[in-house]
Every structure is written in C-alpha cells, then in structure tokens.
Amino acid sequence: MFDKLIGVENRFSELEQMLGDPKVLKDRSAFQKLSREHSELGKIVVVFREYRQVSKDLEGTQELLREGNQELKAMAQEEVHDLERQMKTLEKRLNLLLIPKDPLDEKNILLEIRAGTGGEEAGLFAGDLYNMYCRYAERKGWKVESMSQSISGIGSLKEVVALIQGQGVYSRFKYESGTHRVQRVPTTETQGRIHTSAVTVAVLPEAEEVEVHIDPGEVKVDVYRSTGPGGQSVNTTDSAVRVTHLPTGLVVTCQDEKSQHKNKAKAMKVLRARLLDQKIQEQNQQRSEIRKNQVGSGDRSERIRTYNFPQGRVTDHRIGLTLYRLESILQGEIDEVLDALTTHYQAQALQNESFETKRPSGR
C-alpha cells in the first residue's frame, strides 16, 4: 500500500506542474481532464500526508517512552494510544481511497421505472418511486428530464424513463436497480386487505456517441401519432417515434415532445444507454464469482427493497437495513439508505482487493 501511495503522490506533484504549463492552460479539454485527475488524487494525498505526519509523531513519542522520566513516560503513553488510534483510522480511509474507482461513477443516468405485478396499484407505486427519486435529485441540485412516460387511464404510471444529470449521479443511484416491493392497502380495496405489488427499477449510465456507435443502417425508425390516456389524441401530427435496433431487437419509443426530431434524439439517447448497459452486464457475467459478488448481481429481477406502509417500514434486503421512516424516505430523504449501501459494497471491494493481493501466483 505504501508503494502505491508514494506513486500517487508523485503523480499528484507531476499534475501540479502540468497544470501550470501555458500549453496545458490553452487546451481547455486537456486542462479539465488533468484537473479532474488532480482533484481525485488530491483526496488521497491529503490523507496520506496526514498519515505520515501522525506516523512521525508516533515515532517521536515512542522515543520519549524509552528515554524520558516517569512523568514524561505517563504522558507519552497516553499520547501513543491516541496516535495509534489515529493511524488505524487513517489506514482504513487510505484503503478505501485506493479501491479502484468505478469509471462510470461521474456519469449521468437514465432511470427506468416500470410497474410490475399488482396491476393499477403497482402503477401508482411506480409513480411514488419516481417522485421519490425526483425529490432526491432536487435536493442534490440535479436536473431531471423526462424522456418518455406511459400512463394508464386512472393516472397510474406504467413506465417512465428519465435522464438525471449532475455530479456523481451514477455513484449514488447505481445500487437502486432491481425489484422494489410495496405492501399496503390499495385505495380500491374495500375490505382493508394488504396487497403486495412490485415495481422494477433500472439505472443505466448515460452513453456518449463515442462510447456506443450505432450504425444508421442497423436502426429502423417508425413515426406515428402520439396518444394519451384512453387513446385520446394528443396532437394531430406524426411526432411520436419508435426506434428499433435490429441486431439486438431493442425497441425505444418516445412521444413526449411535439417535435419528431426531438423525440428521435431522446429515443437514440435511451437506446445508447441500453446498449451500454447490455455491454456492462455481459462483462459482469464474464467476471469471476468473487468479482460479481463484489459489485452485486445487478439482476433486475432481484428483490432488493420492501416498502411496508402499515408498519411505516423500509427494508433493504441486501444489507439487512430496516428504517421506520417510510414517509420521509418517499419524500426523497434516501441518503441514509444510499450511504449504507455504498459502505457495504466498499467493504466487499476492499475484502476482494485484499484477497487478490494475498492470493498465491501460479496455477
């Protein structure tokens, strides 16, 4: 670990010099790229330098223990215990900081929410989840843009796809993919029985055109007239767009905009994100069981969380976390859940890194 940290510090110093180079200052793209790397490494270097200082202080204090008088030894012994605690804390922080960063963490996301089992009640809860994520995004100062929505006759949400833009969006949302289960008495239930419904959530990193190239010859574009709930016409022009990716069979529809060109642009953005996600899922399947356990299965069918209304309870089944504040969570106060998930998966990643380091080489 120490060798890694020295390498990081050397690179940090190198970047400081490069950022002062007039040639780099003139190249906006290069400057931004180097600035991001400098900022990320700076978080490690600050802790590493503090760790070295504490280590130096510890050595000096231990010297007092060996050579000082009885009064000094008593004071030094107490300080040694305090410095040793600081060292352990800083070592843990450094280990976490050295875990390879997910290259997708800083990306925007395409959030897809679909009603599952449970009929209209599932659709109503899909709307509740969408509102929850929108409120959380608002708290973080992120921008939410609806890409497509499908609403049933009574106003429940069959499906919604939204683009969420901001700093580190994927890093916060990446563990939300899976099946979210709700237990409550539906408004249509006359006998007060609790029903269980399900909603699926998919979090896809936004894909740039350079990351996912789509051959125009492999895409079929159909246009049709937009329709609203109950089949009522929304407008009188063929502005809705259906894009089919022929090699994979993926289909994306978009009718939110009045402009056909805008709907097509949105549909292509969603398609690129789905193709990138498909690529990531394939890569995950090719990894070892250890690596798959590290990042979670990512299985969309995996039941990850239950929202129990009668008990006011939210339970995340992956980490055994139960919170009795369902109302505030649905208002977008989900940091406690997301922080717990991040800590859990960081610990798994750290354990995996340790195993990879200790594993003997050879067959």
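Residues numbered from 1 in each chain as written. Predicted model: local features only at pLDDT ≥ 70, side-chain atom pairs only at ≥ 80, totals over all residues. Heavy atoms only, no water.

Visitor: An account of the packing of helix α3 (residues 28-67) against helix α4 (residues 70-97) is needed here, citing residue identities and associated values.
Guide: It is at 9 Å that the axes of α3 and α4 come closest, and there the two elements cross at 155°. Relative to α4, the element α3 is oriented roughly antiparallel. Viewed along their axes, α3 and α4 form a crossing whose handedness is left-handed. Classifying every residue of the contact of α3 with α4 gives 15 nonpolar, five polar and eight charged. (Axes fitted to C-alpha atoms, helices over the stretch in contact; angles between N-to-C directions. Helix = DSSP H or I, 4+ residues; strand = E, 2+ residues; numbered from the N terminus. Parallel < 35°, antiparallel > 145°, perpendicular 65-115°, else oblique. Left-handed = near helix turned anticlockwise from the far one by under 90°. Nonpolar A, V, L, I, M, F, W, Y, C, P; charged D, E, K, R; others polar.)

Visitor: Describe the pattern of salt bridges, naming the residues involved and giving the relevant values.
Guide: Overall, the coordinates contain 24 salt bridges when judged by the stated rule. Note that aspartate 102 is salt-bridged to lysine 174, the shortest N-O span being 3.3 Å. Of the two residues, aspartate 102 sits in the loop between α4 and β1 (109-115) while lysine 174 sits in the loop between α6 (169-173) and β4 (178-184), which places them 72 residues apart along the sequence. The shortest N-O distance in the salt bridge between aspartate 105 and lysine 174 comes to 2.8 Å. Highlighted residues: aspartate 105 in the loop between α4 and β1 and lysine 174 in the loop between α6 and β4, separated in sequence by 69 residues. Through salt bridges with shared partners, one network takes in Glu112, Arg114, Glu159 and Arg274. (Salt bridge = Lys/Arg side-chain N within 4 Å of Asp/Glu carboxyl O.)

Visitor: Please give an account of the sheet that holds strand β8 (residues 250-254) that cites residues and values.
Guide: Strands sit in the order β6-β7-β8 across an open sheet of three strands; the sheet is antiparallel. Strands with a single pairing partner mark the edges of an open sheet, and in this sheet they are β6 (219-224) and β8. When strand polarity is set aside, the average angle formed by the axes of neighbouring strands in this sheet is 15°. The pairing of β6 with strand β7 (residues 240-245) spans six bridges and is classified as antiparallel. (Pairing = 2+ DSSP bridges.)

Visitor: Describe the nonpolar core, naming the residues involved and giving the relevant values.
Guide: Counting residues in hydrophobic clusters, the biggest one holds 59 residues, and the most contacted among them are Ile113, Leu129, Tyr133 and Phe173. The residues contacting tyrosine 133, other than those within four sequence positions of it, are Leu111, Ile113, Phe173, Glu176, His180, Val201, Arg305 and Ile334. The next biggest cluster of nonpolar side chains, apart from the first, holds 21 residues, and it includes Leu19, Ile44, Phe48 and Leu83. (Core = buried A, V, L, I, M, F, W, Y, C linked by side-chain atoms within 4.5 Å. Buried < 20%, exposed > 50% of the residue type's maximum accessible area, 1.4 Å probe, protein only. Contact = heavy atoms within 4.5 Å.)

Visitor: Describe α3, and please don't skip the residues or the numbers.
Guide: With 40 residues, α3 should cover 58 Å at 1.5 Å per step; its first-to-last C-alpha distance of 57 Å lies within 8% of that length. In α3, a bend of some 30° at glycine 42 exceeds every other bend along the element. Lining the buried residues of α3 we find α1 (2-19), α2 (22-26) and α4. (Expected span 1.5 Å × (residues − 1). Bend = angle between axes of the 7 residues up to and from the residue.)

Visitor: Before we move on, could you go through the side chain of serine 328 and cite the residues and values that matter?
Guide: Summarising the element assignment, serine 328 is placed in helix α9 (residues 326-330). Within the structure, serine 328 has its side chain in polar contact with the side chain of arginine 325 (distance 2.9 Å). (Polar contact = N/O pair within 3.5 Å; in protein donor to acceptor, adjacent residues only side chain to side chain.)

Visitor: Before we move on, can you summarise the packing of aromatic side chains with the specific residues and values?
Guide: This model, assessed by the stated rule, comprises six aromatic pairs. Centroid distance tyrosine 136 to phenylalanine 173: 5.9 Å. Interplanar angle 80°. Geometry classified as edge-to-face. Of the two residues, tyrosine 136 is situated in helix α5 (residues 120-140) and phenylalanine 173 in helix α6; the sequence distance between them amounts to 37 residues. With respect to class, tyrosine 136 is no different from phenylalanine 173; both count as buried. Between tryptophan 142 and phenylalanine 173, the aromatic rings sit 6.0 Å apart at their centres with planes inclined by 50°, giving tilted as the arrangement. Taken together, the residues tryptophan 142 in the loop between α5 and β2 (143-151) and phenylalanine 173 in helix α6 connect sequence positions 31 residues apart. We classify phenylalanine 173 as buried; its relative accessible area is 0%. Taken together, Tyr133, Tyr136, Trp142 and Phe173 form an aromatic cluster joined through their ring pairs. The residue whose ring lies beneath arginine 184 is phenylalanine 309, and the NZ or CZ to ring-centre distance is 4.7 Å. (Phe/Tyr/Trp six-rings, centres within 6.5 Å; stacked < 30°, edge-to-face > 60°. Lys NZ or Arg CZ within 6 Å of the ring centre and 35° of its normal.)

Visitor: Describe in detail the packing of α1 against α3, supporting the description with residues and values.
Guide: In a pair of packed helices, the angle between the axes and the distance between the axes together describe the arrangement. Interaxial distance between α1 and α3 falls to 8 Å at its minimum, and their mutual angle equals 135°. Relative to α3, the element α1 is oriented oblique. Of the two possible hands of crossing, α1 and α3 adopt the one that is left-handed. Between α1 and α3, the residues in contact are Phe2, Leu5, Ile6, Val8, Glu9, Arg11, Phe12, Ser13, Leu15, Glu16, Met18 and Leu19 and Phe31, Leu34, Ser35, Glu37, His38, Leu41, Gly42, Ile44, Val45, Phe48, Arg49 and Arg52, respectively. Its residues assigned to classes, the contact of α1 with α3 comprises 14 nonpolar, four polar and six charged.

Visitor: Run through the sheet that holds strand β3 (residues 157-165), naming residues and quoting values.
Guide: Spatial strand order, β2-β3-β1-β5-β4-β9-β10-β11: eight strands in an open sheet with mixed pairing. Edge positions in the sheet fall to β2 and β11 (321-323), since each has one partner strand and no second. Taking each pair of neighbouring strands and ignoring which way they run, the sheet shows an average axis angle of 15°. The pairing of β4 with strand β9 (residues 303-308) spans five bridges and is classified as parallel. Across the sheet, histidine 180 pairs through a bridge with arginine 305, a residue of β9.

Visitor: Describe the environment of asparagine 131, and please don't skip the residues or the numbers.
Guide: Mapping asparagine 131 onto the fold places it in helix α5. Given the relative accessible area of 34%, asparagine 131 is considered partly exposed. Sequence separation of asparagine 131 and glutamine 331 is 200 residues, and the distance between their C-alpha atoms is 7.8 Å.

Visitor: Explain α1 to me, using residue names and the numbers behind them.
Guide: Taking 1.5 Å per residue, 18 residues should reach 26 Å; α1 reaches 26 Å between its end C-alpha atoms and fits that length. Of the positions making up α1, those classed as buried are Leu5, Val8, Glu9, Phe12, Leu15 and Leu19. End-on view of α1: buried residues confined to an arc of 120°, all on one side of the axis. Exposed residues lying more than 90 degrees from the buried face of α1 are Asp3 and Gln17. (Arc of directions from axis to C-beta.)

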